[in-house]
Each structure stands twice: as C-alpha cells, then as structure tokens.
Amino acid sequence: MYSLKNWISTNQSLFSESGGPFIQQIYVLQGYAEGWTEGHWEEKVDERLCMEDHAYVNDKQGFYRGWFWGYKETRGLSVACVSVQGSASIIVPVLLKNTTAQSVMLDRAENLLHDHYAGKSYWDARRSMVFAKHLRVVGDEFRAKYLNSTDELDNTIYNEDWTKMKVKLGTAKGGPYLGVHLRRKDFIWGHRKDVPSIKGTAMKIQSLMKELKLEKVFVATDAAEDDLKELKSFLSKIIRFEPTQEELQLYQDGGVAIIDQWICAHARFFIGTSVSTFSFRIHEEREILGFDPKTTYNRLCGDHEKECEQPTHWKIVY
C-alpha cells in the first residue's frame, strides 16, 4: 500500500511512456443508506449505487478526472461506490478477490474504522506519538504572544515522558480563545453536505464566542485566499499561524499543520470539521491533555444538515 505521492514517484518512468498516471480502479467508500439494520451492528461491505454524486467525471477520452490531491494528469479507468461498515480489514477481500486491477485507490477511506481503534494498544501507540518538541515550542510561543495562553495559566502542563501523561478529564482549562479547524479544498466536494459555507462558519463562530464569552478565535484551515477574505469580512478578530517563507521551508507543510493542531489543542473550546483526521488528532491531543469532552468533541455543521451528529468521544484506555 502506497500514498498517492509515493506511488506516482515510484512509477514515473512507466507513466512517461503511457501518458498516465492511470489508476485502474477507484473505489469511493460510503456508508449504508439504511444505516444499522434494526439497530444491529455487523461488519459488511457491498458494491452499491452511489449515495451522493462523486467528484469523478469522464473526459473526452473516457477516463475519469478528479482532483487527485493536485496531481492533474492522474486519471481513473473505472469508478465504483462501495458501502462499508466495519474495520479496515473488511476491505482486504475486495482488493484481493473482487478486482483484477493492479492499482486501486480508496477514496473516503475515513468510512473504515481502525481495526484496534480506541483500545489500549491503539492509545499506547497514539500517546507515544508525541509531536516534535521544536514544533510544540513554536506553538507555545505563538500562544503566549497572541492568545494570552501558557501551560501554567491554562493548566495544561506537559510531561515529556508520555507514559506519565495521565491526566483526569476536566482538569485542563485551556487558553482564552476559541479553536476552529475549518477543512475546505477536497471536503467542499467530497463532503459537501457536512461542510458549512463561509457565512455559515462565521455565524457559528460568532455564536460560540458570545456564548463562551471569548474575544479571540484561532483558525486552522486550508481555505483558499478568497474564502479567507470572505471569512475575515464577517470576523475581524481571526488569528492564524502564518509562517514566513523561511519558516515554511524549515517546517514544511506537515510541520505547520502540527503547529496548528497544537494551538487548537490548547483552546478553551474546540470545534472541528466532520470526519476530518486533522480534527481527530486534535480531539486526541485534548483528550491526552485532560480537557472536558464537551469542549472537544464538536464539529461545524453543514448549512442544510437536518441531523448534525457530533463526534464520538473515544476515552483513553491506560
């Protein structure tokens, strides 16, 4: 199994000859329209009609075009929707037996659960995956300078030995600011019903700031400049970590993402984006730091969502 970037890099010589890269089979994963049958949970996987319009369209040559994380020449030969309910391992027989494709892409794989998610082994591994100290230091300095937030004031003292980080939930206070993760880009079309408009986002932020009596909001987002400009037209007090070119070259996109997550993890109240792994990691950091779950497991709702289900609270197992 490869990331798309590594797969393209590994097969570059082949693509230059064939005009690719081509992905032979794209499976768009989704839930079941009927939900749990009579409230009964069972693991299952079936190829089904697509519940929503997917983002792949045929070009003049009959290939499927999509965003493919910015790799514009990437095309798909076949697209199918697969309903899944269960752990990641249930998709293995589909990949080994139900297709002859040599290259398969799983889109919206967040619909699958980690095979050992939320158990002791999972949490031991997750707790040991400590963010790099130099990135945490950058985040801490930013908090102190712009958000009046320090570990002493926020009651978020951090132990460098992860095995000793066992904090009672509800003891962390957090800095005097609202933390927001607003995922845009591929989520605008991949999860369009779950992602609010910019105006809808601004209205929710304003409502929370008034309710929580907070004057500052920190926003972590991949939004385009036009979206940011629109958001700022509604909210005059947005604070973001915007690295200089030198910092971006030093930390790279991944490092900047960790700094954003670290700052969001220390907010008095956090609200994220539906089914975003970026938001999930912030949930976990806040769980480790000892925040009240009510201040952590929250998400933005789509403008027209009738039922806005909030994230599940996964308790640490020590």
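Conventions we followed
- Residues numbered from 1 in each chain as written.
- Predicted model: local features only at pLDDT ≥ 70, side-chain atom pairs only at ≥ 80, totals over all residues.
- Heavy atoms only, no water.
- Helix = DSSP H or I, 4+ residues; strand = E, 2+ residues; numbered from the N terminus.
- Rg over C-alpha atoms; globule rule 2.2 N^0.38 Å.
- Buried < 20%, exposed > 50% of the residue type's maximum accessible area, 1.4 Å probe, protein only.
- Contact = heavy atoms within 4.5 Å.
- Pairing = 2+ DSSP bridges.
- Axes fitted to C-alpha atoms, helices over the stretch in contact; angles between N-to-C directions.
- 1 Å grid on protein atoms, 1.4 Å probe; cavity = no way out; pocket = protein on both sides within 12 Å on 5 of 7 lines; lining within 4 Å.
- Points joined across faces, edges and corners; volume = space filled by probe spheres on them.
- Nonpolar A, V, L, I, M, F, W, Y, C, P; charged D, E, K, R; others polar.

Novice: What's the story with the overall build of the protein in this structure? I'm lost.
Specialist: Broken down by element type, the protein carries eleven helices and twelve strands. Taken against the 2.2 N^0.38 rule, which gives 20 Å for 318 residues, the C-alpha radius of gyration of the protein at 21 Å falls within 12% of a compact globule. Across the 318 residues in the protein, those meeting the buried criterion constitute 44%. Residue pairs at least 24 apart in sequence account for 70% of intrachain contacts in the protein once pairs closer than 6 positions are excluded.

Novice: Hey, could you run me through unusual backbone geometry in this one?
Specialist: In most cases, non-glycine residues show a negative phi, while peptide bonds are predominantly trans. Even without a glycine there, the phi angle at Arg-108 is positive, about 60 degrees. Along the chain, Arg-108 falls in the loop between strand 8 (104-107) and helix 4 (120-128). One non-glycine residue, Asn-155, adopts positive backbone phi at about 60 degrees. By the element assignment, Asn-155 lies in the loop between helix 6 (151-154) and strand 9 (175-182). Judged by its relative accessible area of 42%, Asn-155 is partly exposed.

Novice: Looking at this model, I keep getting lost on the sheet that holds strand 11 (residues 238-239). Mind explaining?
Specialist: Backbone hydrogen bonds are what pair the strands of a sheet, in a parallel or an antiparallel way. Across the sheet, four strands lie side by side as 11-10-9-12; this open sheet has parallel pairing. Bordering the open sheet on either side are strand 11 and strand 12 (267-271), each of which pairs with just one other strand. On the sheet, helix 8 (residues 198-212) packs against strand 9, strand 10 (217-221) and strand 12 and is oriented at approximately 160 degrees with respect to strand 9. Running at roughly 145 degrees to strand 12, helix 11 (residues 277-289) makes contact with strand 9, strand 10 and strand 12 of the sheet.

Novice: Just to check I follow, could you spell out empty space enclosed by the protein for this structure?
Specialist: Empty space left among the atoms is revealed by rolling a probe the size of a water molecule over them. Overall, the coordinates contain one cavity of 30 Å³ or more when judged by the stated rule. Of the volumes computed, that of the largest cavity is approximately 50 Å³. Forming the walls of the largest cavity are Arg-126, Arg-127, Met-129, Val-130, Tyr-158, Trp-162, Met-165, Glu-285 and Ile-288. For the lining of the largest cavity, the per-class residue count stands at six nonpolar, no polar and three charged.

Novice: Just checking my understanding: could you explain the sheet that holds strand 3 (residues 44-48) for this structure?
Specialist: Ordered by their spatial adjacency, four strands build an open sheet running 3-7-2-8, and the pairing between neighbours is mixed. With partners counted over all chains shown, the strands left at the sheet margins are strand 3 and strand 8, one partner each. On average, each strand axis in the sheet is tilted by 30 degrees relative to the strand beside it, whichever way the strands run.

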